[in-house]
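Here is how the chains run, residue by residue.
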Amino acid sequence: MKLFIDVARGVRPADLVITNAQIYNPFIREWEIGSLAIQDGRIAGVGNYHGMHELNLKGLSIVPGLIDAHVHIESSLLTPAEYARVVLLHGTTTVIADPHEIANVCGKDGIKYMLKSQDVTPLDLFFTLPSCVPATPLDESAEILSAEDLTMFIHHSGVVGLGEMMNVPGTLNQDPDVMKKLALSDIKEGHAPFLRGPDLQAYIATGVQSDHETISLEEAREKIKSGMYLYVREGSTEKNLNVLLPAITSATADRCSFCTDDRHVDMLVESGHIDDCIRKAIESGLEPELAYRLATLSPAERFGLHDRGALNPGRLADFCVIDDVNTCNVIRTFKHGKEILNISYHATPTCSYQFRSHVPSPEDIRITGNGRARVVGIIPEQIATDSLIYEISGETPYDIDQDIIKVVVASRYYEDRVGIGLVHGLKMKEGAIASSVAHDSHHVIAAGTSDDEILHACREVIRNRGGMVCVHDGFSTVLPLSCAGLMADEPYTQVYNQLSKLNKLTEKTGAIENPFMYLSFLSLTVIPSLRITPGGVFDCSLFAQVPLFIDEMGS
């Protein structure tokens, strides 16, 4: 400590001094030109310093290491180590991850797998414990994780709180296990799409503190006013940034952070990570100084990570160098004062998992009946869906002209449980796609324009014990996901190339951009309105399975 203080006082030279830099200070949201003294991996001081080693940035800008406030690493399709290799290049040095995807598939072993990944990467991985495994009492998963199950992890290094509480009905009704989970940590993450008014007040009163599912400006302002932290999300298909930006002001910036939630590897490679959020926010009119605040100090303070988020004395020397404040083009990343260079790929052990899915039979996916049918309506750039009604004939349920095709969900955990439904908005005119990534239980889900092609796609996913598949004109392309049927264990460059080939084939089907991400959310029962599960059509507003044809309910 004496050496560190002597360096801070300027009495002794620092290990490293970054000179001639424009340094961002998130406390005052200003840039200052000076030198950054680094000793033993931490910031000793900002000002006029000299060091044993000096790096002249010639007027380039420095910002604290970027922080993602909420992400599911599994959604990148990469193992944690490979995910880290990508995002570090984009200036991200810390992420707050919720491992509930792999926890649904592997139970407690999935959480252990993610916690072990902290040891294999310089990226700082912090975790919130998945509070809803399964997502709802009606969903299926490898294990049911109770409050007692989570207790064994709550004091583990790197665990910062309780993950998103998706069970809003259980929270409002004070379900005993939900209440026990909320008591596990002072930091409680939320998941409250469309929740407003007295129910929002009650949800917050239980201690839930944040939300990343907000998609309207009025909802955002109400939640911030009520004391919540707002995570402005920009994922592969969940694009809420532009709508929510007006809620971010100098008065609210300390309550707002950026998050990516779910981004496939192709978006990470091509567009970036939190740096992409910063660029888009600035392009849309947000002051750069506010944008950088949301990516640094705001999430650090939200999670009590007082050793990062700013480049001030005593904090970690985590930072990135950018060539232009307005474009946030990251050209160098430093972790603990050392530049991140040439991190090589190392194969890591995968997590064992159940995969009991059987290929459905033609009879399993046949629709019988006629009349008014419930159809899941995809909303572009959102994961919420519309509840649509169309006249359907079971003999010819595919209506390409009206953009209505079939969806099939085969249980990962139980044999012979297959649900069928219809979807509008995937825009497929030919072929089929299937995946073992289907939030949150991650069954095998498929959609397509013919029964034969749907079954072909399902067969390929199941043959690989997990993966993403496109079938078109007799050809098929597969991206195997050998880690829990959620992630590939190859280098990220290889996964990116495989996903690119897959996307090129899906383009030939006429599908909407990012069809696999939209497909993956068609079974998510905790966000309105309609979903498809192994039990069939699920109405989130009723919180119940409903018949495909409305007349079967007598309504």
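Calculation notes
Residues numbered from 1 in each chain as written. Predicted model: local features only at pLDDT ≥ 70, side-chain atom pairs only at ≥ 80, totals over all residues. Heavy atoms only, no water. Helix = DSSP H or I, 4+ residues; strand = E, 2+ residues; numbered from the N terminus. Rg over C-alpha atoms; globule rule 2.2 N^0.38 Å. Buried < 20%, exposed > 50% of the residue type's maximum accessible area, 1.4 Å probe, protein only. Areas by Shrake-Rupley, 256 points an atom, 1.4 Å probe, with all protein chains shown as cover. Pairing = 2+ DSSP bridges. Contact = heavy atoms within 4.5 Å. Axes fitted to C-alpha atoms, helices over the stretch in contact; angles between N-to-C directions. UniProt positions renumbered as here; feature names shortened; annotations may be inferred. Salt bridge = Lys/Arg side-chain N within 4 Å of Asp/Glu carboxyl O. Core = buried A, V, L, I, M, F, W, Y, C linked by side-chain atoms within 4.5 Å. Domains from an automatic or database assignment. Buried area = accessible area lost by both parts, 1.4 Å probe. Phe/Tyr/Trp six-rings, centres within 6.5 Å; stacked < 30°, edge-to-face > 60°.

### Re the overall build of the protein chain
Piece 1. Within the protein chain, the secondary structure is distributed over 17 helices and 27 strands.
Piece 2. Scaling as 2.2 N^0.38, a compact globule of 555 residues should have a C-alpha radius of gyration of about 24 Å, and the protein chain matches this with 24 Å.
Piece 3. When the 555 residues of the protein chain are sorted by exposure, 63% land in the buried category.
Piece 4. Surface summary for the protein chain: the accessible area is close to 20,300 Å², and the carbon and sulfur share equals 49%.

### Things to note about the pairing of strand 18 (residues 385-393)
Piece 1. In the sheet, strand 17 (residues 370-378) pairs with strand 18 via nine bridges, with the strands oriented antiparallel. Bridge pairing in strand 18 links G377 to D386.
Piece 2. As consecutive antiparallel partners, strand 17 and strand 18 are separated by six residues, and within that stretch E381 has a phi angle of approximately 65°, a positive value.

### Observations regarding the environment of V325
Piece 1. Locating V325 in the fold gives a position in the loop between strand 14 (319-322) and strand 15 (330-335).
Piece 2. A sequence separation of 264 residues divides V325 from S61, and the C-alpha atoms of the two residues are 7.0 Å apart.
Piece 3. With sequence-adjacent residues up to four places away left out, V325 is seen in contact with Q22, W31, S61, I282, P288 and Y292.

### Remarks on the sheet that holds strand 7 (residues 92-97)
Piece 1. The sheet built from five strands is open, its strands ordered 6-7-8-9-10 with parallel pairing. In this open sheet, the two edge strands, each paired with only one partner strand, are strand 6 (66-71) and strand 10 (188-190). Mean inter-strand twist for the sheet, computed between neighbouring axes without regard to direction, equals 30°.
Piece 2. Of the strand pairs in this sheet, strand 8 (residues 124-129) and strand 9 (residues 159-165) are connected by three bridges, and their pairing is parallel.

### A word on the side chain of T79
Piece 1. In this structure, T79 sits in the loop between strand 6 and helix 2 (80-89).
Piece 2. Here T79 falls in the buried class, since its relative accessible area comes to 3%.
Piece 3. Contacts of T79, omitting those with residues within four sequence positions, involve Y113, T348, M487, A488 and D489.

### Section: the UniProt feature "domain: Adenine deaminase C-terminal" (unreviewed entry) in the protein chain
Piece 1. The sites that UniProt annotates as "domain: Adenine deaminase C-terminal" (unreviewed entry) are residues 394-542.
Piece 2. Across residues 394-542, helical content stands at 26% and strand content at 29%; the span's end C-alpha atoms are separated by 25 Å.

### Quick word on the sheet that holds strand 27 (residues 544-546)
Piece 1. Pairing in this open sheet of three strands is antiparallel, and the strands run 25-26-27 from one edge to the other. Strands with a single pairing partner mark the edges of an open sheet, and in this sheet they are strand 25 (530-533) and strand 27. Strand-to-strand, the axes of this sheet are offset by a mean angle of 45°, without reference to chain direction.
Piece 2. Of the pairings in the sheet, the one linking strand 25 to strand 26 (residues 536-539) comprises four bridges and is antiparallel in character. Bridge assignment links R531 to a residue of strand 26, and that residue is F538.

### Topic: the pairing of strand 22 (residues 444-448)
Piece 1. Counting buried residues in strand 22 gives five out of five residues, a clear majority hidden from the surface.
Piece 2. With burial as the criterion, each face of strand 22 is covered, one bearing V444, A446 and G448 and the other bearing I445 and A447.

### Quick word on the pattern of salt bridges
Piece 1. Taken as a whole and assessed by the stated rule, the structure comprises 26 salt bridges.
Piece 2. Across the pair E363 and R366 runs a salt bridge whose closest N-O atoms are separated by 1.9 Å.
Piece 3. For E363, a relative accessible area of 55% puts it in the exposed group.
Piece 4. A network of salt bridges, in which partner residues are shared, links D124, D307, R308, D318 and K335.

### Some points on the nonpolar core
Nonpolar side chains in soluble globular proteins tend to be buried together.
Piece 1. Of all hydrophobic cores here, the largest spans 120 residues; its most connected members are Y83, I102 and L426.
Piece 2. Split by domain, this core shows at least three residues from each of two domains, domain 1 (68-308) and domain 2 (371-545).

### Re the domain arrangement of the protein chain
Piece 1. If you check the domain split of the protein chain, you get domain 1 (68-308) and domain 2 (371-545).
Piece 2. Placing the centre of domain 1 and that of domain 2 at their C-alpha centroids yields a distance of 25 Å.
Piece 3. Facing the 44 residues of domain 1 at the interface are 43 residues of domain 2.
Piece 4. Summed over both sides, the interface between domain 1 and domain 2 buries roughly 3,700 Å², with carbon and sulfur atoms accounting for 66% of that surface.

### Focus: helix 9 (residues 217-225)
Piece 1. Three or more residues of helix 9 are buried, namely L217, E219, A220, E222, K223 and I224.
Piece 2. Those residues of helix 9 that are buried lie in contact with helix 8 (197-205), strand 11 (210-211), strand 12 (229-233), helix 10 (241-244) and strand 13 (256-259).
Piece 3. Just past helix 9, the residue G227 takes up positive phi, approximately 100°.

### Structural notes on the packing of aromatic side chains
Piece 1. Applying the stated rule across the entire model yields seven aromatic pairs.
Piece 2. Both rings, one in F538 and one in F543, keep their centres 5.8 Å apart while their planes meet at 80°; by these two values the pair is edge-to-face.
Piece 3. In this structure F538 comes out as buried when scored by relative accessible area, which is 1%.
Piece 4. Connected via pairs of aromatic rings, a cluster forms that spans Y24, W31 and Y292.

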